[in-house]
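Descriptive analysis of the structure
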Amino acid sequence: EAQVTQNPRYLITVTGKKLTVTCSQNMNHEYMSWYRQDPGLGLRQIYYSMNVEVTDKGDVPEGYKVSRKEKRNFPLILESPSPNQTSLYFCASSLSGTSEAFFGQGTRLTVV
Amino acid sequence: AQKVTQAQTEISVVEKEDVTLDCVYETRDTTYYLFWYKQPPSGELVFLIRRNSFDEQNEISGRYSWNFQKSTSSFNFTITASQVVDSAVYFCALSEGGMNTGFQKLVFGTGTRLLVSP
């Protein structure tokens, strides 16, 4: 089954404790992105990647890192999480830059 | 900077009513893409439609239809004869940036929550 898989689905952590949210797709897509969803703000793009080793900032990259060492994986790293990074995170992949995005099921992160 | 406005925060209708969700966008690019996504209460995001800036034809898919008007920078979504299963948050999105970004710079509106009651 074609899918984008995020882990974990739920995470509660403390301020400053590094964490990684994994994202993997099995569709051989070149394009992958991370978004955060907050009430009243919709989805905002954090980072995107057009190919292995090619990443760029979206609209809200501060406090996040990404890497794309393999085509299928695009982890999101929070080096020192803060409470304002409490949010619902989505990973997405697409075949090309202009095609529909397939989204993961989301990761609800709470930073206390 | 690009921007997508969904002015309707929440809409409530009774089943079988028609409803239109508005989307207005801003961009300086001549080539761009517009999307609609649905987020049902279960939380996943589901693709509904994609439209490029050169194709202003309206589209109909079952009870769903989309009206794209470049003159007013709008890409509105109409559900005909709404059903309870249409209850969801609907997002309009704009991608631009050309090949430099692979059109991957995607901006979403804040979403419209549609509640369809029986």
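Within any chain, residue numbers begin from 1 and follow the written order of that chain's sequence. The order in which chains are written sets their letters, starting at A; the order in which ligands are written sets their numbers, starting at 1. Per-residue local features are limited, in this predicted model, to residues with pLDDT of at least 70; the limit for side-chain atom pairs, both in listing and counting, is 80 or more; totals at the level of whole chains, interfaces and linings are taken over all residues. Computation of side-chain values: all heavy atoms of the structure, hydrogens and water removed.

**Structural notes on the packing of aromatic side chains**
When two rings of Phe, Tyr or Trp (its six-membered ring) have centres within 6.5 Å they constitute a pair, described as stacked for plane angles under 30 degrees, edge-to-face for angles over 60, and tilted for the intermediate range. A full pass over the atoms with the stated rule returns 19 aromatic pairs over all chains. Ring centres of Tyr 25 of chain B and Phe 68 of chain B lie 6.3 Å apart, and the angle between their planes is 45 degrees; on these two criteria the pair is classed as tilted. Of this pair, Tyr 25 of chain B sits in strand 4 (residues 24-26) while Phe 68 of chain B is found in strand 8 (residues 64-69), placing the two residues 43 residues apart along the sequence. Of the residues examined, Phe 68 of chain B reaches a relative accessible area of 2% and is grouped as buried. Grouped by ring-pair contacts, the aromatic residues Tyr 35, Phe 90 and Phe 103 of chain A together with Phe 35, Tyr 37, Phe 47, Phe 91 and Phe 108 of chain B constitute a single cluster. We note Arg 68 of chain A situated over the ring of Phe 74 of chain A; from NZ or CZ to the ring centre the distance is 6.0 Å. Secondary structure elements follow DSSP: runs of H or I no shorter than four residues count as helices, runs of E no shorter than two count as strands, and numbering proceeds from the N terminus. Using a 1.4 Å probe on the protein chains alone, a residue whose accessible area is under 20% of its type maximum counts as buried, one over 50% counts as exposed, and one in between counts as partly exposed. Counted as over-ring charges are cases with an Arg CZ or a Lys NZ within 6 Å of the ring centre that also lie within 35 degrees of the ring normal.

**Points about the pairing of strand 2 (residues 10-14) of chain B**
Residues and elements named next belong to chain B. The alternating pattern of strand 2 places Ile 11 and Val 13 on a buried face, while none of Glu 10, Ser 12 and Val 14, on the opposite face, is buried. In this description, strands pair whenever DSSP reports at least two bridges between them. Alignment of strand 2 against strand 12 (residues 112-117), held across five bridges, turns out to be parallel. In the sheet register, Glu 10 faces strand 12, and the bridge partner there is Arg 113.

**A look at the nonpolar core**
For the purposes of this section, nonpolar cores are sets of buried Ala, Val, Leu, Ile, Met, Phe, Trp, Tyr and Cys residues that join through side-chain atoms within 4.5 Å. Counting residues in each nonpolar core, the largest one holds 24 residues, and the members touching the most others are Trp 36, Phe 77, Tyr 90 and Leu 114 of chain B. Looking at this core, the elements with two or more residues in it are strand 2, strand 3 (19-21), strand 5 (33-39), strand 8, strand 9 (74-79), strand 10 (88-96) and strand 12 of chain B. At four residues, the largest contribution of residues to this core is made by strand 10 of chain B. Contact definition: two residues touch when any of their heavy atoms are within 4.5 Å. The contacts of Leu 114 of chain B, once residues within four sequence positions are left out, are Ile 11, Val 13, Val 19, Ile 79, Asp 86, Ser 87, Ala 88 and Tyr 90 of chain B. Counting residues in hydrophobic clusters, the runner-up holds 19 residues, among them Met 27, Trp 34, Val 60 and Val 66 of chain A.

**Observations concerning the state of the cysteines**
Any pair of cysteine sulfurs within 2.5 Å is marked as a disulfide. The full count for this structure, using the stated rule, is two disulfides over all chains. Here Cys 23 of chain A engages in a disulfide with Cys 91 of chain A; their sulfurs sit 1.8 Å apart. The disulfide joining Cys 23 of chain A to Cys 91 of chain A has a torsion of about -75 degrees about its S-S bond and is therefore left-handed. Note that Cys 23 of chain A is positioned in strand 3 (residues 19-25) and Cys 91 of chain A in strand 9 (residues 87-94), a separation of 68 residues in sequence. On the basis of relative accessible area, Cys 23 of chain A is assigned to the buried category, the value being 2%. Disulfide pairing is shown between Cys 23 of chain B and Cys 92 of chain B; the S-S distance is 2.0 Å. Classification of the bridge connecting Cys 23 of chain B and Cys 92 of chain B rests on its S-S torsion, roughly -65 degrees, and on that basis the disulfide is left-handed. Placement of the pair is Cys 23 of chain B in the loop between strand 3 and strand 4 and Cys 92 of chain B in strand 10, with a sequence separation of 69 residues. The residues Cys 23 of chain B and Cys 92 of chain B share a single accessibility class, namely buried.

**Focus: the side chain of Ser 93 of chain A**
Along the chain, the position of Ser 93 of chain A falls in strand 9. Contacts described as polar in this section are N or O atom pairs within 3.5 Å, which, within protein, must combine one atom able to donate a hydrogen with one able to accept it, while residues neighboring in sequence count only if both atoms come from side chains. A polar contact of 2.8 Å, which involves the side chain of Ser 93 of chain A, links it to the side chain of His 29 of chain A.

**Notes on the pattern of salt bridges**
Salt bridge, as used here, is a side-chain nitrogen of Lys or Arg placed within 4 Å of a carboxyl oxygen of Asp or Glu. All told, the structure shown has six salt bridges over all chains when counted by the stated rule. Between Asp 55 of chain B and Arg 51 of chain B there is a salt bridge, with its nearest N and O atoms 3.0 Å apart. Put simply, Glu 59 of chain B and Arg 51 of chain B hold a salt bridge, and the shortest N to O gap is 2.8 Å. Overall, Arg 51 of chain B belongs to the buried group, its relative accessible area being 6%. Through salt bridges with shared partners, a single network forms among Arg 36, Asp 38 and Arg 44 of chain A.

**Some remarks on the environment of Asn 73 of chain A**
Residues and elements named next belong to chain A. With respect to the helices, strands and loops of the structure, Asn 73 is situated in the loop between strand 7 (65-66) and strand 8 (76-78). Excluding anything up to four places from it in sequence, Asn 73 contacts Cys 23, Ser 24, Met 32, Ser 67 and Arg 68. Here Ser 24 takes part through its side chain, which lies 3.1 Å from a polar atom of the side chain of Asn 73. Polar contacts involving the side chain of Asn 73 include one to the side chain of Glu 70, which spans 2.8 Å.

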